[in-house]
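Fold and geometry: a report
As a plain string of letters, each chain reads:
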Amino acid sequence: MEVVATPPRTPLWRNVRFRRVLGQVLFMVLVLFLVREVSFNLQFNTAARRQGLGFGFLDSQAGFAISDTPIEYSSTNPVSRAFQVGFWNTIRVAGLGIVLTTILGLLLGIARLSPNWLVRKLSQGYVDLIRNTPVAVQVVFWWSAIFLALPRIQESVSIFDVAYVSNRSTVLPWFRLEEGGGIWMLSLAAGLLGAALLWRWRSHVNERTGEPHHRVLWSTSALLAVAALGFFVSGTPMEADVPDLLGRNYLGGVRLSSEFAALLIALVIYTAAFIAEIVRGSIQAISRGQHEAAEALGLRRGQQLRFVILPQALRIAIPAINSQYLNLMKNSSLGVLIGFYELTRVSKSIITGRGNNLQVLLMTMGVYLAISLTISLFMNLINRAVTTRGVR
Amino acid sequence: MKRPASEEGYELTLGEPEGPAAQVAPEAVPATPGEWVRKNLFSSFWSGMLTVVTALLAAWILAKAIGFVFVDADWSVLKANLRVYMVGRFPLEEMWRVWTDVYVIALLAGLSRGVQPAMPWTLRRVVRWALILGVAVAVLLYLVESSRVLIMLAAAVALMVAGAAIGRRLGRVLRKPLIFAWILAFPFVVILLRGFGGVKPENWGGFLLNVIVAVVAIFVSFPIGLLLALGRRSTLPVVRTFSVGFIEFIRGVPLVTLLIFGVFAFELLLPPGLRLPNIVLAMIMFVVFSSAYVAEIVRGGLQGVPEGQYEASRALGLRYPRMMRSIVLPQALRNTIPSMISHFISLFKDTSLLVGVGLFSDLLSNAGRATRDLAFVGLEAEALLPAAFMFWAVAYAMARWSQRVEKRVGVGER
Amino acid sequence: MTMAQEGNGPMILAEDVEKWFGKFQALKGVTTSVRRGEVVVIVGPSGSGKSTFIRTINRLERHDKGRIVVDGIELTDDLRNIERVRSEIGMVFQSFNLFPHLTVGDNITLAPRNVRHWPKGKAQEKADQLLQRVGIPEQADKYPAQLSGGQQQRVAIARALAMEPKIMLFDEPTSALDPEMIKEVLEVMLELARSDMTLVVITHEIGFAKEVADRVLFFDEGTIVEEGPPAEFFSNPKHERSKRFLDQILV
């Protein structure tokens with residue numbers, strides 16, 4: 001049988017595998033070259049401006065004050081402490097913002113789907129208005145046109161005498177934990193445990209006998225009962241903390257600076273418009289065939305939603321909502337526009353009059369990146385939990 | 001066909017919810033107004049209550065808004081700063097450049113509109129346009145004091161209408177040339193401002209600056225984003241790692257911090273002696289920011305191209321560049337059009353973040369500073385609302401246009 | 001003395017070809033040869049490696065061990081060899097894989113113009129000829145989406161033929177078609193088989209195999225279990241596995 005003898009060695013430049021390796025090597029060379037160039041520039045430039053490339057500045061005095069801070073801080077604290085203030089302020093506004101905007105967004109999304117024409121149209125108007133206006137504009141607007149325009153503390157606007165707003169701050173009623181609070185917390189923990197156990201027990205009953213489990217009912221009533229019992233047994237340890245206006249100051253309650261309130265409200269309102277559309281879009285994306293199949297099976301409206309529509313809608317919605325949470329967190333950087341000392345504002349203060357811009361800003365961006373990754377990780381877990389039940 | 005989720009979800013569109021969500025209002029065959037009201041507003045007791053409550057709320061808000069706009073507000077801050085809002089400190093004697101750009105865009109816009117099939121003039125449409133035009137004319141007459149400016153504006157509108165008429169006449173023949181014209185228009189617009197002894201970017205301001213920054217950013221970031229997307233899909237691990245790393249870093253960081261970095265730290269990385277004006281540094285950051293998002297959009301589009309297309313191309317012996325150019329990218333990029341438009345709208349809105357650096361004179365910065373003048377203290381709302389409106393109007397118009405494009409592209413003969 | 005003379009050796013030669021996907025071995029030593037002008041039909045259960053095998057012939061998959069020689073050209077990592085091999089082979093896919101954004105005519109002329117650098121006129125003439133040959137003349141300006149499945153597959157065949165290959169590979173060409181359109185595609189393939197084209201066809205269409213195949217290869221679990229002329233194989237399979245397979249598909 002006539003067959004080909006061993007072919008000659010492929011010249012390297014025609015060998016597909018070699019070319020792949022070569023491609024990577026060339027790319028690496030390019031990157032390394034760029035890195036070398038940049039580091040030369042960096043060294044030269046920082047020397048010329050008599051700046052350093054170290055992180056020693058973190059221990060130097062910050063030299064600026066921050067009035068709205070969740071941790072102890074004064075202008076004599078080191079820069080690293082100022083950074084922490086910025087970080088916690090970012091977490092504060094982003095965390096609260098995410099919770100509030102989810103609630104508002106859900107409500108709006110449901111309104112977008114309402115059979116009532118007026119509700120539908122008005123919520124659509126809200127979405128169309130808010131989504132298309134830049135968030136920076138909205139933040140500046142809420143702060144300078146609304147909060148700053150409020151009267152001074154002495155003439156605070158009172159809301160049913162339990163809350164006050166002025167141009168510097170907003171005070172809301174809160175609660176205070178007194179003696180016996182610890183005992184109550186323990187009883188709450190026990191209640192949660194009991195509720196969880198009840199949940200499992202009712203689920204088992206349902207699996208075995210087919211009896212409707214009513215587990216939500218059982219668990220929540222048990223939790224509430226235990227909570228109430230514990231509350232009284234430990235001597236009603238929760239007191240309402242209603243603020244009072246005394247001349248030029250407030251007594252009691254929880255105090256939010258105008259900057260914080262303006263940023264929070266603007267972010268919540270802005271992001272809710274996007275979440276509303278995600279909610280609406282994901283429910284509408286479920287094809288008619290699914291509705292029909294569920295109905296044909298005899299499932300009631302609520303059951304259709306619970307077992308067929310919502311699980312599928314969630315699968316579509318969660319990645320998009322994750323995106324919005326990240327946006328809200330990143331938009332918290334707009335505190336820099338209105339003097340709210342979140343991370344970006346703090347970093348700006350740090351670089352003014354100091355010479356370590358590069359380090360400061362890279363650190364700042366690094367922190368944001370870390371927070372982004374954390375939120376995404378968390379949302380991914382939720383996504384996994386929601387979607388691995390059943391097919392993709 | 002799965003579309004990549006845009007950052008802001010614009011493809012979950014405006015307008016009437018379509019689709020079969022059973023909760024949406026029943027299909028229309030409303031006989032009489034009375035029936036319609038009963039079905040849509042008062043279908044049940046609770047629905048009725050809801051209608052009443054929201055109607056009252058809406059009426060109250062509307063009354064407050066109208067009261068503010070027409071009675072309480074002092075619009076002098078706007079009247080005095082109109083030019084600053086629109087073009088910042090752009091020198092008066094060079095304004096002809098801006099006007100020329102406006103005319104070119106107006107003409108192209110008119111032509112593009114004319115080439116599209118005409119939409120029927122329903123009563124609703126006539127009323128809507130009459131209202132918009134009426135209000136626009138009234139507002140302009142109130143605000144603009146120079147009759148010269150009014151005439152130039154009228155000329156722009158006339159040019160647009162003429163363009164539409166020409167477009168309608170010439171029809172589909174213009175489609176391809178128009179695409180090229182638009183692509184060339186953007187560099188042209190920018191060059192006209194700067195070139196031939198023009199105005200330096202430091203002196204561009206106001207709304208003009210926002211538009212230019214957005215346009216430059218989207219333009220320059222597109223090829224970079226495309227390369228990044230291809231890099232991300234590359235089978236060469238080094239290339240892919242680098243692309244992914246870059247994209248994820250940019251996406252995890254707020255744009256404001258990138259801008260601050262660009263203006264206050266980026267120069268340290270550049271060759272010594274290369275001094276770039278702040279606005280150019282900011283534009284570079286916008287380009288960097290935008291390319292990461294463009295990369296993700298293109299990646300989604302590439303994922304939408306079936307594997308079989310690659311296989312058929314390779315089986316036919318097509319090489320990589322030819323395969324990408326003729327087969328993969330045309331399909332991939334068509335998939336991305338709605339998301340790209342959505343991204344452009346976001347980018348345009350994000351140009352307002354220039355205010356965060358504090359050194360620029362874009363529309364929002366100028367609006368914010370307008371009340372520093374002693375004459376206009378306390379007029380923050382009057383200063384900000386027009387700026388907000390201008391951003392909103394452009395974004396809203398583009399979003400609606402995007403809806404139309406989506407319909408057209410989705411239903412092609414292809 | 002490194003290349004076999006054309007016209008002498010087998011058209012396709014596979015020796016001990018092995019292929020892994022990760023830990024899974026898809027091809028466990030496949031050896032066969034296809035003569036010039038021969039029509040070989042490959043049958044076998046899904047997952048048996050038949051698709052993987054023909055895709056290694058035109059390098060859509062890279063074989064990990066063994067040798068593949070096409071018309072005297074050995075298939076190695078040499079870019080030039082790969083391109084030369086591909087230019088001699090045309091492939092038709094189960095899901096057609098037509099380019100949806102190009103007209104039928106452009107689908108067919110794209111490769112000749114860009115790989116063989118034919119002038120436009122020549123390519124278009126060829127396209128018209130081929131469309132005539134596969135039985136759908138006058139469709140050059142339509143888009144794939146406007147054609148039926150059977151027509152699309154015939155366009156795909158014309159597209160592959162436009163490169164004037166010596167070998168045509170078919171990967172289950174009719175499996176994605178509605179029953180009433182299978183015949184028109186098989187007829188085109190029949191005409192090709194009767195010309196002196198070398199064909200390797202993966203199919204479940206036994207009638208087609210019986211009519212035109214010179215040889216049937218039965219693939220199972222990564223190897224050729226049995227082969228022979230169709231008449232023998234279908235009526236008198238020798239292996240246990242062949243018998244079982246035929247029981248399943250022949251009702």
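It should be emphasised that the depicted structure is a prediction, and the values quoted were computed from it without experimental measurement.

Thresholds, definitions, all that
Residues numbered from 1 in each chain as written. Chains lettered and ligands numbered in written order. Predicted model: local features only at pLDDT ≥ 70, side-chain atom pairs only at ≥ 80, totals over all residues. Heavy atoms only, no water. Helix = DSSP H or I, 4+ residues; strand = E, 2+ residues; numbered from the N terminus. Buried < 20%, exposed > 50% of the residue type's maximum accessible area, 1.4 Å probe, protein only. Contact = heavy atoms within 4.5 Å. Lys, Arg positive; Asp, Glu negative; His and termini not counted. Charge placed at Lys NZ, Arg CZ, Asp CG, Glu CD. Salt bridge = Lys/Arg side-chain N within 4 Å of Asp/Glu carboxyl O. Polar contact = N/O pair within 3.5 Å; in protein donor to acceptor, adjacent residues only side chain to side chain. Nonpolar A, V, L, I, M, F, W, Y, C, P; charged D, E, K, R; others polar. Domains from an automatic or database assignment. Buried area = accessible area lost by both parts, 1.4 Å probe. Patch = residues over 30% accessible without salt bridge, like charges linked within 9 Å, V, L, I, M, F, W, Y side chains within 5 Å. Areas by Shrake-Rupley, 256 points an atom, 1.4 Å probe, with all protein chains shown as cover.

**Description of the overall build of chain B**
- Helix and strand counts for chain B come out as 15 helices and zero strands.
- Overall, chain B is about 70 × 60 × 45 Å in size when its C-alpha atoms are taken along their principal axes.
- Each of the 414 residues in chain B was classed as buried or not, and the buried ones make up 48%.
- Contacts spanning at least 24 positions in sequence make up 75% of the contacts within chain B whose residues lie at least 6 apart.
- Charge centroids of chain B, computed over 40 positive and 26 negative side chains, lie 9 Å from each other.

**What about the interface of chain A and chain B?**
- Listed per partner, the contact involves 72 residues of chain A and 73 residues of chain B.
- For the pair chain A and chain B, the interface holds zero salt bridges.
- Summed over the shared surface of chain A and chain B, the number is 18 residue pairs in polar contact (both at pLDDT 80 or more).
- If one sorts the elements of the side of chain A that touches chain B by residue count, helix H1 (residues 16-48) of chain A sits on top with eleven residues.
- Each residue belonging to the side of chain A that touches chain B can be placed in one class, and the counts come to 34 nonpolar, 24 polar and 14 charged.

**So, unusual backbone geometry**
Residues and elements named next belong to chain C.
- The phi angle at Asp 71 is positive, at roughly 50°, despite the residue not being glycine.
- If you trace the backbone, Asp 71 turns up in the loop between strand S4 (65-70) and strand S5 (73-74).
- Residues other than glycine seldom take positive phi values, yet Glu 221 does so here, at roughly 50°.
- Relative to the elements of secondary structure, Glu 221 occurs in the loop between strand S9 (215-220) and strand S10 (223-228).

**Overview of the domain arrangement of chain B**
All names here are of chain B.
- As assigned here, chain B comprises domain 1 (5-60), domain 2 (91-194) and domain 3 (199-414).
- The C-alpha-based centres of domain 2 and domain 3 are spaced at 24 Å.
- Each partner contributes residues to the interface: domain 2 has 13 residues there, and domain 3 has twelve residues.
- Both faces considered, domain 2 and domain 3 share a buried interface measuring about 1100 Å² in area, 75% of it formed by carbon and sulfur atoms.
- Along the contact surface separating domain 2 from domain 3 lie one residue pair in polar contact (both at pLDDT 80 or more).
- With seven residues, the single largest contributor to the side of domain 2 that touches domain 3 is helix H7 (residues 175-194).

**What about a nonpolar patch on the surface?**
- There is a patch of nonpolar side chains on the surface, built from Leu96(A), Val99(A), Leu100(A), Ile103(A) and Leu107(A) and spanning about 430 Å² of accessible area.
- Accessibility expressed as a relative area gives 47% for Ile103(A), which makes it partly exposed.

**Here we look at a positive patch on the surface**
Residues and elements named next belong to chain B.
- A contiguous patch of positive charge, built from Arg 124, Arg 128, Arg 172, Arg 175, Arg 400, Arg 404, Lys 407 and Arg 408, is present on the exposed surface.
- For the positive patch, the secondary-structure elements that each account for two or more residues are helix H5 (123-143) and helix H15 (380-410).
- Sorting elements by how many residues they give to the positive patch places H15 first, with four residues.
- Along the chain, the position of Arg 404 falls in helix H15.

**A word on the pattern of salt bridges**
Residues and elements named next belong to chain C.
- For the structure on display, the rule yields 32 salt bridges over all chains.
- Lys 166 is the partner of Asp 71 in a salt bridge, and the nearest nitrogen-oxygen pair spans 3.0 Å. Pair noted here: Asp 71 is in the loop between S4 and S5 and Lys 166 is in the loop between helix H5 (149-161) and strand S7 (167-171), with a separation of 95 residues, a long-range link.
- Since its relative accessible area comes to 5%, Asp 71 is described here as buried.
- Its relative accessible area of 30% is what places Lys 166 among the partly exposed residues.
- The residue Arg 215 makes a salt bridge to Glu 227 at a minimum N-O spacing of 2.5 Å. Pair noted here: Arg 215 is in strand S9 and Glu 227 is in strand S10, with a separation of twelve residues, a long-range link.

**Notes on the environment of Leu385(B)**
- Looking at the secondary structure, you find Leu385(B) in helix H15.
- Separated by 47 residues in the primary sequence, Leu385(B) and Pro338(B) have C-alpha atoms spaced 29 Å apart.
- When sequence neighbours within four positions are dropped, the list of residues in contact with Leu385(B) reads Phe141(A) and Phe68(B).

**A word on the environment of Lys176(B)**
- Along the chain, the position of Lys176(B) falls in helix H7.
- Separated by 54 residues in sequence, Lys176(B) and Leu230(B) have C-alpha atoms that sit 26 Å apart.

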